Amino acid sequence: MRDPNAIDFWRGFALITIFINHIPGNTFERYTFSQYGISDAAELFVFLAGWSIGIATRGRDGNPEPPGRSVVRLLARTVEVYRAQLTVMLLALAIIAGAALLLDNPLILEWHNAGGFFADPIQSVCGMALLTYQLGYFNILPLYVLLIGIAPVFVLVGRVSLLAALALSVGVYLASLIFGWNLPSWPGEGDWFFDPFCWQLLLVLGFVLQGWNLRSDILRRWARRLFPMGVVIVLLGILLAVTEIRPDPMLVPEPRLLFTFEKTYLTPARLLHFLGVLLAFAPLYRVLAPRIGRIVGYLTQMGRNSLAVFSMGSILSLIGQLVRFQTGGGVPIDMLVAGSGLVGLGFTAWFVEWRSRSRSSRPRA
């Protein structure tokens, strides 16, 4: 994936898939690949974030930029994503509260863990600032904030050895699976929906593979050789999904997280399935790009502006859930919700780029 358009294309594809999957029960959810495998678009989104970090922390000549510049760049991105998370959370809570008032249905205030905020706003606001209070379907950005925040550690280790960076990441991943490490939610009980100790592996894996891909053709040669294995893994994932075969957490041996399919901990089965999907579908961009030009442009533009598009998609998916709740859903409603959402995501990406061009063309005082 040396072509940056391919990265943005697949990231745009992941954004649309996440948007559709965040409106549970809608007609189009059954056609997303999350219904036909163990992993889903969340893995793709985090992996591509790591790949993008590898690109962003290198100069145009492919050589690593100064370490200090990389650290500042990643910390600035962390602040940007943190700001987006706070904004999206406040908007989501306002939409939930507004819907409860408009529909005269106080039960809506309990949606997606929002009840804790309205019952105890003082502690909940502190939890929002600490990222420990999260709404359901609004828990990817907190993970992203933390992963980008710790990324400088792996980037700096990777300057010495990419293999060492990967080994450190794998060590943290395995320890978290064995000992059940996770961050606590507060206020309230439980842990983070996405365990950052486990999910950091995907980010680092994307960063490391981008570096190896840039240095030589070995990675691409192995990807071609392992393509049949990727297809087999995808087919096996379809079989497991269709037959709904899942290991019983009460029957697997300890440490049980090594043998289950839990999304929270990015268990090995999910990771292996995602790598199989990556091997099977990575070559597809070269086939699709010349044949679906406008769609490629649409997805690529969204991928280039992933933070704004993801944030808007989170809000639009919540509105879509409320519309389906009030109307009862159905194919016409789902077409309206999905269609207007896709238009909204595309407009968001276009608007961000239009605003950037407008700012750059303004004369300086």
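Summary of the structure given here. (Residues numbered from 1 in each chain as written. Predicted model: local features only at pLDDT ≥ 70, side-chain atom pairs only at ≥ 80, totals over all residues. Heavy atoms only, no water.)

A separate point is the environment of S311. With respect to the helices and strands, S311 occurs in helix α14 (residues 306-327). The exposure class assigned to S311 is buried, which follows from its relative accessible area of 11%. Separated by 56 residues in the primary sequence, S311 and P255 place their C-alpha atoms 36 Å from one another. Discounting chain neighbours no more than four positions away, the residues touching S311 are A84, V88 and L141. A polar contact is formed between the side chain of S311 and the backbone oxygen of L307, at a distance of 2.9 Å. (Helix = DSSP H or I, 4+ residues; strand = E, 2+ residues; numbered from the N terminus. Buried < 20%, exposed > 50% of the residue type's maximum accessible area, 1.4 Å probe, protein only. Contact = heavy atoms within 4.5 Å. Polar contact = N/O pair within 3.5 Å; in protein donor to acceptor, adjacent residues only side chain to side chain.)

Counting across every chain of the model gives 18 aromatic pairs. Where F117 meets F118, the ring centres are 5.3 Å apart and the plane angle is 85°; that geometry is what we call edge-to-face. Between the aromatic rings of F179 and W181, the centroid separation amounts to 6.0 Å while the plane-to-plane angle is 20°, which identifies the pairing as stacked. Residue F179 is classed as exposed on the basis of its relative accessible area of 59%. (Phe/Tyr/Trp six-rings, centres within 6.5 Å; stacked < 30°, edge-to-face > 60°.)

Turning our eyes to something else, we now look at helix α13 (residues 293-304). The end-to-end C-alpha distance of α13 is 16 Å, a good match for the 16 Å that 12 residues give at a rise of 1.5 Å each. Within the span of α13, buried status applies to V296, L299, T300, Q301, M302 and G303. (Expected span 1.5 Å × (residues − 1).)

Looking at the secondary structure, you find N213 in helix α8 (residues 196-215). Since its relative accessible area comes to 3%, N213 is described here as buried.

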